[in-house]
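A structural walkthrough
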Amino acid sequence: MLELIREAIAANQAEASTYSQAVRVWMRVMSVAFLASVVFAPWKAGARWILIAMLINIAGLVFVKVAMPELTRTTIGTTVHLLFWTLALFMIWRPGARETRRDDFSGATGRLYQVWLVLASLIMATSLVLDARTAIGWLV
């Protein structure tokens, strides 16, 4: 099983290396923004949602590739994003979380968290728009 995981990771990395420079830069920006969630995750639910979405994405890329090696990284990533990143953004910005968010944004560290959460959410939402465009292309 460990060998299958190594092969899946290698296949995903090989495919990612064929992406345009702009796409690879975008993926790095997403990685850094989402990885920054570990700073806030112990105290902030929004950061935990971003972290969980990132971890599900990584696990999905690897384990779906193990189970279905014929699928491309783009297909797997787009599907995982559309399913789980949409859920994460909904859970972060749902109206019922408004009061908690307001409390989370108070104070100096709260302002830093607010800036990070808005930027990370915008990055995630932009990626979802690009993923939706890719998925629509599959249908037409």
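For the structure itself, look to the data block above.
Residues numbered from 1 in each chain as written. Predicted model: local features only at pLDDT ≥ 70, side-chain atom pairs only at ≥ 80, totals over all residues. Heavy atoms only, no water.

Observations concerning helix 7 (residues 107-139)
Between its terminal C-alpha atoms helix 7 stretches 47 Å, which fits the 48 Å expected from 33 residues at 1.5 Å a residue. Residues of helix 7 that are buried make contact with helix 2 (21-35), helix 3 (37-40), helix 4 (45-67), helix 5 (73-93) and helix 6 (98-104). (Helix = DSSP H or I, 4+ residues; strand = E, 2+ residues; numbered from the N terminus. Expected span 1.5 Å × (residues − 1). Contact = heavy atoms within 4.5 Å.)

Re the layout of surface pockets
Considered as a void within the structure, the largest pocket measures approximately 840 Å³ in volume. Every residue lining the largest pocket is counted, 29 residues in all, and those nearest its centre are Met27, Met30, Asn57, Arg73 and His81. Contributing elements (two or more residues each) for the lining of the largest pocket: helix 1 (2-16), helix 2, helix 4, helix 5 and helix 7. Among the elements that make up the lining of the largest pocket, the one with the highest residue count is helix 2 (8 residues). Of the residues that constitute the lining of the largest pocket, the class distribution is 16 nonpolar, 10 polar and 3 charged. (1 Å grid on protein atoms, 1.4 Å probe; cavity = no way out; pocket = protein on both sides within 12 Å on 5 of 7 lines; lining within 4 Å. Points joined across faces, edges and corners; volume = space filled by probe spheres on them. Nonpolar A, V, L, I, M, F, W, Y, C, P; charged D, E, K, R; others polar.)

Digging into the side chain of arginine 101
Position of arginine 101 among the secondary structure elements: in helix 6. Despite its burial, arginine 101 pairs with no opposite charge; the closest candidate is aspartate 104, at 7.7 Å N-O. Sequence-distant contacts of arginine 101, that is, excluding residues within four places in its chain, are made with Ile92, Trp93 and Arg94. (Buried < 20%, exposed > 50% of the residue type's maximum accessible area, 1.4 Å probe, protein only. Lys, Arg positive; Asp, Glu negative; His and termini not counted. Salt bridge = Lys/Arg side-chain N within 4 Å of Asp/Glu carboxyl O.)

Don't take any of this as a statement about function, it's just geometry.
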